[in-house]
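Geometric and topological summary
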Amino acid sequence: MHKRLKIYGILSSIGLLIVLLQGALVTKTGSGEGCGATWPLCFGEVIPVNPAIETIIEYSHRIVSGLVGVMIIILAIWSWKQLKHVRETKFMSIAAVLLIIFQGLLGAGAVVFGQSKAILALHFGISAMSLASVVLLTILAFEDGKPRQIAPRVTSAYKRFFFFVITYCYAVIYTGAYVKHTDSALACAGFPLCNGMIFPGLSGPIGVQFLHRVAGITLAVLLLILMLWTISSFRNEIVLVWTSVIAFILIILQMFTGISVVFTQNEILSVGLLHALIISVLFSNLTYMAMILLRKSN
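By convention here, each chain's residues receive numbers from 1 onward along its written sequence. Whole-chain, interface and lining totals are the exception, using all residues; otherwise, since this is a predicted model, local features are given only for residues with pLDDT of at least 70 and side-chain atom pairs are given and counted only at 80 or more. Values shown for side chains rest on all heavy atoms present in the structure; no hydrogens or waters enter the calculation.

1. Examining the overall build of the chain
- The way it works is that DSSP assigns letters per residue, a run of H or I at least four long becomes a helix, a run of E at least two long becomes a strand, and they are numbered from the N terminus. Assigned secondary structure in the chain consists of 8 helices and 0 strands.
- Seen in sequence order, the chain has helices and strands lined up from the N terminus as α-α-α-α-α-α-α-α.
- In terms of overall dimensions, the chain is globule-like: its C-alpha atoms have a radius of gyration of 20 Å, near the 19 Å expected for 298 residues.
- Dimensions along the principal axes, computed over C-alpha positions, put the chain at roughly 60 × 50 × 25 Å.
- Working definition: with a 1.4 Å probe on protein chains only, accessible area under 20% of the residue-type maximum means buried, over 50% means exposed, and in between means partly exposed. Counting every position in the chain, which comprises 298 residues, the buried fraction comes to 46%.
- Within the chain, contacts between residues at least 6 apart in sequence are counted, and of these 76% link residues at least 24 apart.
- Accessible surface, the chain as shown: approximately 14900 Å² in total, 72% of it carbon and sulfur.
- Residues counted as positive are Lys and Arg, residues counted as negative are Asp and Glu, and His and the chain ends are not counted. Each charge is placed at NZ for Lys, CZ for Arg, CG for Asp and CD for Glu. Measuring between centres, the 20 positive side-chain charges of the chain sit 17 Å from its 10 negative side-chain charges. Both definitions apply: the radius of gyration is a C-alpha atom measure, and the globule rule equals 2.2 Å times residues to the power 0.38. In what follows, residue pairs with any heavy atoms lying within 4.5 Å of each other are defined as contacts. Per-residue and other accessible areas follow the Shrake-Rupley method at a 1.4 Å probe size, with only the shown protein chains counted as cover for residues.

What follows is the structure, encoded as structure tokens:
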């Protein structure tokens, strides 16, 4: 059922992952001004002549973003028509379109007008939300036609804790993006100490990096509690158990790549990109948990 829609949803999700990684590459290589202050063309040209590597990175990101943006709008319309009987479809379709448009406007605004580091960090957070909306639309296509929707039965306390965790996760994503845009990735030498100190202070790049470390470790603890709570109290809710386990595994991998960035002096490109990829997949995993927890149990 909905075979073409499922395949298209998977392709759209992969496309958006590529866009997200390209955006991380633009930030990591400092290629944000690779096309100057011109948009959507690059230095006023459709195809730049003798482009520098920064220009190639930035312009290819724009082209792929535009193509994937069109794909997502098509996915949203297609899902709206084919899955209109599914309760979450309309919201997810609208969210997918609005988020991809907002993401594009933030990127264009950064090029043409310039933006603060805080707003630039928001761009990555919106990208993570955009990916989650597309992934959820794809999951809805896979769910349709099954005997019943997945709707776990959990306590109100568990739900409150979970929604605190997913909100906190988004805040951690923002702090990580802020670290990148303020060039604070190497402000703290070593791990777990920061420049040999337990508390190095909260000012400047060191403070930005230190706060992100504390936020990331706290998120790992919260996801550990979520996993243990799920396994101990709701082990019969298999999907919830697996998603909570996956979330904890992903945060451990995320911490490992983050520590690797420090000890490799941020010189291995793939490690930094993997760091951005894992946190985005983690957030999508948590948004799926949020969707099924918001359903009414039969």
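So that's the structure; there's more coming.
2. Overview of the nonpolar core
- Within the largest apolar cluster, 60 residues are counted, with the highest numbers of intra-cluster contacts made by Leu16, Tyr158, Phe162, Leu219, Leu223, Leu282 and Leu286.
- Put simply, the parts of the chain that give this core at least two residues each are helix H1 (3-29), helix H2 (53-82), helix H3 (89-112), helix H4 (117-143), helix H5 (156-181), helix H6 (204-233), helix H7 (238-263) and helix H8 (269-293).
- In terms of residues, this core owes the most to one element, H8, which gives 13 residues.
- Each residue touching leucine 286, except ones within four places of it in the same chain, is listed here: Phe162, Ile166, Cys169, Leu223 and Ala247.
- Only buried Ala, Val, Leu, Ile, Met, Phe, Trp, Tyr and Cys residues count toward a nonpolar core, and they belong to the same one when joined by side-chain atoms within 4.5 Å. Of all hydrophobic cores here, the second largest spans 5 residues; its members include Ala185, Val208, Val261 and Val271.

3. A closer look at the layout of surface pockets
- Lining residues are defined by having an atom within 4 Å of a point belonging to a cavity or pocket. Those points lie on a 1 Å grid over the protein atoms alone, cavities being sets where a 1.4 Å probe fits but cannot get out and pockets being open sets with protein on both sides within 12 Å along at least five of seven lines. Grid points are joined across faces, edges and corners, and a volume is the space filled by probe spheres set on the points. Estimated volume of the largest pocket: approximately 1200 Å³.
- Taken together, 46 residues make up the lining of the largest pocket; nearest its centre are Glu58, His61, Gly107, Ala110 and His123.
- By residue class, the composition of the lining of the largest pocket is 22 nonpolar, 18 polar and 6 charged.
- Space inside the second largest pocket adds up to approximately 670 Å³.
- Val179, Lys180, His212, Gly258 and His275 are, among the 34 residues lining the second largest pocket, the residues nearest its centre.
- Taken together, the elements giving at least two residues each to the lining of the second largest pocket come down to H1, H5, H6, H7 and H8.
- Per-element tally for the lining of the second largest pocket: the top contributor is H7, with 7 residues.
- Here the residues of the lining of the second largest pocket sort into 19 nonpolar, 11 polar and 4 charged. Following the grouping adopted for this structure description, the nonpolar residues are Ala, Val, Leu, Ile, Met, Phe, Trp, Tyr, Cys and Pro, the charged ones are Asp, Glu, Lys and Arg, and the polar ones are all others, Gly among them.

4. Some details on the packing of H6 against H8
- With axes taken as lines fitted to C-alpha atoms, and helix axes fitted only over the stretch in contact, angles between N-to-C directions fall between 0 and 180 degrees. Across the interface, H6 lies against H8 with an axial gap of 14 Å and an inter-helix angle of 40°. Taken together, the axes of H6 and H8 are oblique relative to one another. Regarding H6 and H8, the two cross each other, and that crossing is left-handed. When H6 is examined against H8, the residues His212, Leu219, Leu223 and Leu226 are found in contact with a partner set consisting of His275, Leu282, Leu286 and Met289.
- Classifying every residue of the contact of H6 with H8 by side-chain character gives 6 nonpolar, 2 polar and no charged. Convention used here: angles under 35 degrees read as roughly parallel, angles over 145 as roughly antiparallel, angles from 65 to 115 as roughly perpendicular, and any remaining angle as oblique. Working rule for handedness: look at the near helix, and if it is turned counterclockwise from the far one by less than a right angle, call the crossing left-handed; if clockwise, right-handed.

5. Thoughts on H4
- Helix span, as expected, comes to 1.5 Å for every residue beyond the first. Over its 27 residues, H4 runs 40 Å from end to end, which matches the ideal 39 Å to within 8%, given 1.5 Å per residue.
- Following H4 by one or two positions, glycine 145 adopts a phi angle in the positive range, close to 100°.

6. Observations regarding a nonpolar patch on the surface
- Residues enter patches when they are more than 30% accessible in relative terms and free of salt bridges; like-charged ones are connected within 9 Å and nonpolar ones (Val, Leu, Ile, Met, Phe, Trp, Tyr) within 5 Å. Counted as salt bridges are all cases of a side-chain nitrogen of Lys or Arg within 4 Å of a carboxyl oxygen of Asp or Glu. There is a patch of nonpolar side chains on the surface, built from Ile7, Ile10, Leu11, Ile14, Ile18 and Phe142 and spanning about 510 Å² of accessible area.
- Looking at the nonpolar patch element by element, the count peaks at 5 residues for H1.
- Turning to its location among the elements, leucine 11 is positioned in helix H1.

7. Quick notes on the state of the cysteines
- Cysteine sulfur atoms are paired as a disulfide whenever they fall within 2.5 Å. With the rule as written, the count across this model stands at 2 disulfides.
- Two residues share a disulfide in this structure: cysteine 35 and cysteine 42, whose sulfurs sit 2.0 Å from each other. Its torsion about the S-S bond being -95°, the disulfide of cysteine 35 and cysteine 42 is classed as left-handed. Cysteine 42 shares its class with cysteine 35; the two are buried.

8. Describing the environment of serine 130
- Looking at the element boundaries, serine 130 is found in helix H4.
- Distance from serine 130 to leucine 20, taken between C-alpha atoms, is 9.7 Å for residues 110 residues apart in sequence.
- Excluding its chain neighbours within four sequence positions, the residues that come into contact with serine 130 are Leu16, Leu99, Ile100 and Gln103.

9. A few points about the packing of H5 against H8
- Packing of H5 against H8 leaves a shortest axis separation of 10 Å and a crossing angle of 160°. When the axis of H5 is compared with that of H8, the two are roughly antiparallel. Crossing angle aside, the handedness with which H5 passes H8 is left-handed. Taking contact as the criterion, the partners of Tyr158, Lys159, Phe162, Phe163, Ile166, Cys169, Tyr170, Ile173 and Lys180 in H5 are, on H8, Gly272, Ala276, Ile279, Leu282, Phe283, Leu286, Thr287, Met289, Ala290 and Leu293.
- In terms of residue class, the contact of H5 with H8 is made up of 15 nonpolar, 2 polar and 2 charged.

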